[in-house]
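What follows is the residue order along each chain.
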Amino acid sequence: RVAPAGDRVGKALGQRGEPASWLVSQGAEAPVRPCVLSYSGCAAVAAVDALSEEGFELAAFRPDTKRRLREVLATFAASANPIDLTMDVFRRPEVLVDTLSVLADEPQVNTPVVPFPADYEAITGSMAAELVKSSSRAGASWIVPAGTTPSRGLGWTVFQKARWVPFSPLTRCCKCLGNLRV
């Protein structure tokens, strides 16, 4: 069961309940089985730490998912959870669509969390735009963008224009997900 939007979820978040309501409207469900999809190893580690503090374990991928990820990601990238897209995603943007497509088929994942740098302006804006576009093309049902810092840069604006509700900072995202447990 999912806790009612605006209930203790919104209170814990401290953002007038809007991100919590958005999570529920996008299909957030308990138990939350997170997958971290990151543009950098450092952000991935921060997300895993924040999720762990809320008592979450990352979703385990099936062998077929790992195989498909190895086909999609750079040869030096890990095909496990968390997924670090590495800088290869800037050279080959289709990596993002392909990775999201693989995750959309993985039944163990119901909460893709994307730790997002919120303060690199043009770079962050293009990353956000690519994530929004790729999720649609990949058939990803929903994604949780979470700023790794409290700032609200251009990426934040891109997400809001797409009617996504980004979380900032990442720890608030994890607290809200934690409160989805009833």
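Preceding block: the structure.
Predicted model, so just to flag it, every value in this text is computed and none were measured.

Rules used in this analysis
Residue numbers run consecutively from 1 along every chain, following the written order of its sequence. Whole-chain, interface and lining totals are the exception, using all residues; otherwise, since this is a predicted model, local features are given only for residues with pLDDT of at least 70 and side-chain atom pairs are given and counted only at 80 or more. With hydrogens and water stripped out, all remaining heavy atoms of the structure feed into the side-chain values. Only DSSP runs of H or I with at least four residues qualify as helices, and only runs of E with at least two residues qualify as strands; both kinds are numbered from the N terminus onward. Between buried and exposed lies partly exposed: a residue is buried under 20% and exposed over 50% of the maximum accessible area for its type, with that area taken using a 1.4 Å probe on protein chains only. All accessibility values rest on the Shrake-Rupley procedure with a 1.4 Å probe; residue burial counts only the protein chains present in the view. At least two DSSP bridges between two strands are needed for those strands to be called paired. Angles run from 0 to 180 degrees between N-to-C directions of axes, and those axes are lines fitted to C-alpha atoms, restricted for helices to the stretch in contact. Note: crossing handedness is left-handed where the near helix turns anticlockwise from the far helix by less than a right angle, and right-handed where it turns clockwise. Contacts are assigned to residue pairs with any non-hydrogen atoms lying within 4.5 Å of each other. Here, a salt bridge means any Lys or Arg side-chain nitrogen found within 4 Å of an Asp or Glu carboxyl oxygen. Nonpolar cores were defined as sets of buried Ala, Val, Leu, Ile, Met, Phe, Trp, Tyr and Cys residues, with membership established by side-chain atoms within 4.5 Å.

Colleague: What is the right way to read the overall build of the protein chain from this model?
Modeller: What the protein chain contains, in helices and strands, is 9 helices and 4 strands. Ordered by position from the N terminus, the helices and strands of the protein chain form the series α-α-β-α-α-β-α-α-β-α-β-α-α. The proportion of buried residues among the 182 residues of the protein chain is 50%. Only carbon and sulfur atoms are counted for the fraction: they give 53% of the accessible area of the protein chain, which is about 8400 Å².

Colleague: Can you walk me through the sheet that holds strand β4 (residues 144–147) in this structure?
Modeller: Remark on secondary structure: sheet strands pair via backbone hydrogen bonds, oriented parallel or antiparallel. If you walk across this open sheet you meet the 4 strands as β2-β1-β3-β4, and the pairing is parallel. Single-partner strands in this sheet number two, and they are β2 (83–84) and β4. Here strand β3 (residues 111–116) pairs with β4 via 4 bridges, running parallel. Note that in β4 the partner of Phe116 across the bridge is Gly147.

Colleague: Where do I start with the packing of helix α3 (residues 41–53) against helix α9 (residues 170–179) in this structure?
Modeller: For any two helices packed against each other, the geometry comes down to the angle between their axes and how far apart the axes lie. Relative to each other, α3 and α9 sit at 35°, their axes nearing to 9 Å. At the point where α3 passes α9, the crossing takes the right-handed sense. Packed against α3, whose contacting residues are Ala46, Ala47, Ala50 and Leu51, the element α9 presents Leu170, Thr171, Cys174 and Leu177 at the interface.

Colleague: Would you mind going over the pattern of salt bridges with me for this structure?
Modeller: When the charged atoms of two side chains lie near each other, side chains of opposite charge can form a pair. Within the structure shown, the criterion is met by 8 salt bridges. Linking Arg67 and Glu71 is a salt bridge whose minimum nitrogen-to-oxygen distance equals 2.7 Å. Highlighted residues: Arg67 and Glu71, both in helix α4 (residues 63–72), separated by 4 residues, approximately one helical turn. Of the residues examined, Arg67 reaches a relative accessible area of 35% and is grouped as partly exposed. Of the charged contacts, one joins Glu130 and Lys133 as a salt bridge, the two residues approaching to 3.4 Å between their closest N and O atoms. Of this pair, Glu130 and Lys133 both sit in helix α7 (residues 122–138), separated by 3 residues, roughly a single helical turn. When salt bridges with common partners are traced through the structure, they connect Asp88, Arg91, Arg92 and Glu94 into a single cluster.

Colleague: For this particular structure, what's the right way to read the nonpolar core?
Modeller: The tendency in soluble globular proteins is for nonpolar side chains to be buried side by side. One finds Leu37, Tyr39, Ile83, Leu85, Leu96, Phe116 and Leu131 to be the most contacted residues of the largest nonpolar core, which totals 28 residues. Elements that contribute at least two residues to this core include exactly β1 (34–38), α4, α6 (94–104), β3 and α7. When residues in this core are grouped by element, the largest group, 5 residues, is from α6.

Note that all results are geometric; they support no functional claim without further evidence.
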